[in-house]
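# Commentary on secondary and tertiary structure
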Amino acid sequence: QVQLVESGGGLVQAGGSLRLSCAVSGNIFSINSMGWYRQTPGKQRELVARISSGGTINYTDSVKGRFTISRDNAKNTVYLQMNSLKPEDTAVYYCKVVVRIITWNTATHEYWGQGTQVTVSS
């Protein structure tokens, strides 16, 4: 089975930094993309950053210039470096991976991490 383990959340003051990690394990043939999403109470989950297998990176406008997504292919791990944090960044951050799990089958499957709380104090 595919497992995602997130870490790195915590409490920081505005202007501080955190680095989130998401390690993916299991019977994976290939990873199509890895990304970070966040959600606050009363709001729908939104994309924060995503990186494709080809290295294409997308950020939501609100984090451009402050957050950096990266990956370590050898470790099947994706990171989110968050700098200049703002109170509005407070949310539960979820890692998502889109993978192929069967060699001969091109169908993709989506898996989510357990979420990690990021709280930025004002």
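Described below are features of the structure shown in this document.

About the thresholds
- Residues numbered from 1 in each chain as written.
- Predicted model: local features only at pLDDT ≥ 70, side-chain atom pairs only at ≥ 80, totals over all residues.
- Heavy atoms only, no water.
- Core = buried A, V, L, I, M, F, W, Y, C linked by side-chain atoms within 4.5 Å.
- Buried < 20%, exposed > 50% of the residue type's maximum accessible area, 1.4 Å probe, protein only.
- Helix = DSSP H or I, 4+ residues; strand = E, 2+ residues; numbered from the N terminus.
- Pairing = 2+ DSSP bridges.
- Axes fitted to C-alpha atoms, helices over the stretch in contact; angles between N-to-C directions.

### Remarks on the nonpolar core
The biggest cluster of nonpolar side chains holds 28 residues, and the ones touching the most others in it are Trp36, Leu80, Met82 and Tyr93. At the level of secondary structure, the elements contributing two or more residues to this core comprise strand 3 (18-25), strand 4 (30-39), strand 5 (46-52), strand 7 (67-72), strand 8 (77-82), strand 9 (91-100) and strand 11 (116-121). With five residues, the single largest contributor to this core is strand 9.

### Brief notes about unusual backbone geometry
The backbone of Asn76 sits at a positive phi, close to 50 degrees, despite the residue not being glycine. The class of Asn76 is partly exposed, set by a relative accessible area of 28%. At Ser84, a position not held by glycine, the phi torsion is positive, near 50 degrees. Within the secondary structure layout, Ser84 lies in the loop between strand 8 and strand 9.

### Description of the sheet that holds strand 1 (residues 3-7)
Read from one edge to the other, the open sheet built from four strands follows the order 1-3-8-7, with strand pairing classed as antiparallel. Taken across any chain shown, the strands that pair with only one partner, and hence form the sheet edges, are strand 1 and strand 7. Going across the sheet, the axis of each strand differs from the next one's by a mean of 15 degrees, ignoring polarity. Here six bridges tie strand 3 to strand 8, and the two strands are oriented antiparallel to one another. Directly across from Leu20, in strand 8, lies its bridge partner Leu80.

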